[in-house]
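# Results of the structural survey
For reference, the chains in residue letters:
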Amino acid sequence: MLIWTFECADIIERMSVPAEGLTLGAVSAIVEKRILTDTVRLHRPGEPVFNPDTGQYEPGPPVIIYEGRGAIFPNGGPGIVLHLEGQAYVDDSTSKYKLITPLGAPVASRGDTVSVVSGADPAAVGRAWRVLDVGQTSTLAVVRTTFLDQNTQSGTSTPGAVL
């Protein structure tokens with residue numbers, strides 16, 4: 001049982017102030033170099049283009065918002081989503097992931113698409129995810145976190161690949 005004392009408060013205060021003088025910027029630089037090793041692309045639908053042959057508007061080419069360092073991690077294991085008829089729910093996903101990008105990367109918007117352009121895991125290259133909500137921000141941010149739902153698995157899958 002821990003009894004709160006002034007000594008505990010002093011220990012916590014010393015833990016929150018790094019003795020080495022690492023700033024959040026220094027931590028961000030380390031994370032970007034060591035963890036954000038994939039190249040990811042964030043894009044959103046472009047303006048519709050009129051096709052004079054069909055007389056219809058067709059989706060325009062996607063607009064790339066960001067292409068650069070990033071990492072994609074599973075956000076928990078697969079789950080079972082139960083939808084009750086007539087009940088409202090927010091985009092439940094059985095395939096949740098999170099995108100980690102540098103703070104300098106633009107904030108993703110709901111409905112944007114993320115894909116892995118290159119990375120250490122060949123099975124990740126070519127996969128696409130849908131952005132579930134606006135990228136998170138925080139007072140003590142080191143990286144930007146964006147929650148995703150996997151759309152496709154079109155990457156080249158190799159036996160024994162790390163998932």
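Each remark here, short or long, concerns the structure printed above.
Okay, so let's go over this structure. (Residues numbered from 1 in each chain as written. Predicted model: local features only at pLDDT ≥ 70, side-chain atom pairs only at ≥ 80, totals over all residues. Heavy atoms only, no water.)

All told, the structure shown has three salt bridges when counted by the stated rule. Residue arginine 41 is joined to glutamate 67 by a salt bridge in which the shortest nitrogen-to-oxygen separation is 2.7 Å. Here the residue arginine 41 occupies a position in strand E1 (residues 38–51), and glutamate 67 occupies one in strand E2 (residues 56–74), the gap between them amounting to 26 residues. Residue arginine 41 is classed as partly exposed on the basis of its relative accessible area, which comes to 26%. The exposure class of glutamate 67 is partly exposed, given its relative accessible area of 40%. With a shortest N-O distance of 3.1 Å, arginine 130 and aspartate 149 are connected by a salt bridge. Taken together, the residues arginine 130 in strand E5 (residues 128–131) and aspartate 149 in strand E6 (residues 144–152) connect sequence positions 19 residues apart. (Salt bridge = Lys/Arg side-chain N within 4 Å of Asp/Glu carboxyl O. Helix = DSSP H or I, 4+ residues; strand = E, 2+ residues; numbered from the N terminus. Buried < 20%, exposed > 50% of the residue type's maximum accessible area, 1.4 Å probe, protein only.)

One ladder, built from five bridges, connects E1 with strand E4 (residues 113–118); its direction is antiparallel. In the strand pairing of E4, arginine 41 is matched with serine 115. The sheet contact formed by E4 and E5 spans three bridges and is antiparallel. The residue of E5 that forms the bridge with serine 115 is alanine 128. (Pairing = 2+ DSSP bridges.)

We now examine the packing of aromatic side chains. As enumerated under the stated definition, the model contains two aromatic pairs in all. For the pair tyrosine 97 and tryptophan 129, a centre-to-centre distance of 5.5 Å together with 65° between the ring planes defines the contact as edge-to-face. Of this pair, tyrosine 97 sits in strand E3 (residues 96–101) while tryptophan 129 sits in strand E5, and the two are 32 residues apart along the sequence. Each member of the pair, tyrosine 97 as well as tryptophan 129, carries the same accessibility label: buried. (Phe/Tyr/Trp six-rings, centres within 6.5 Å; stacked < 30°, edge-to-face > 60°.)

Moving on to the side chain of asparagine 51. When you line up the elements, asparagine 51 lands in strand E1. Of the residues examined, asparagine 51 reaches a relative accessible area of 17% and is grouped as buried. Contact partners of asparagine 51, with chain neighbours within four places excluded, come to Gln56 and Glu58. (Contact = heavy atoms within 4.5 Å.)

Purely geometric numbers; function is a separate question.
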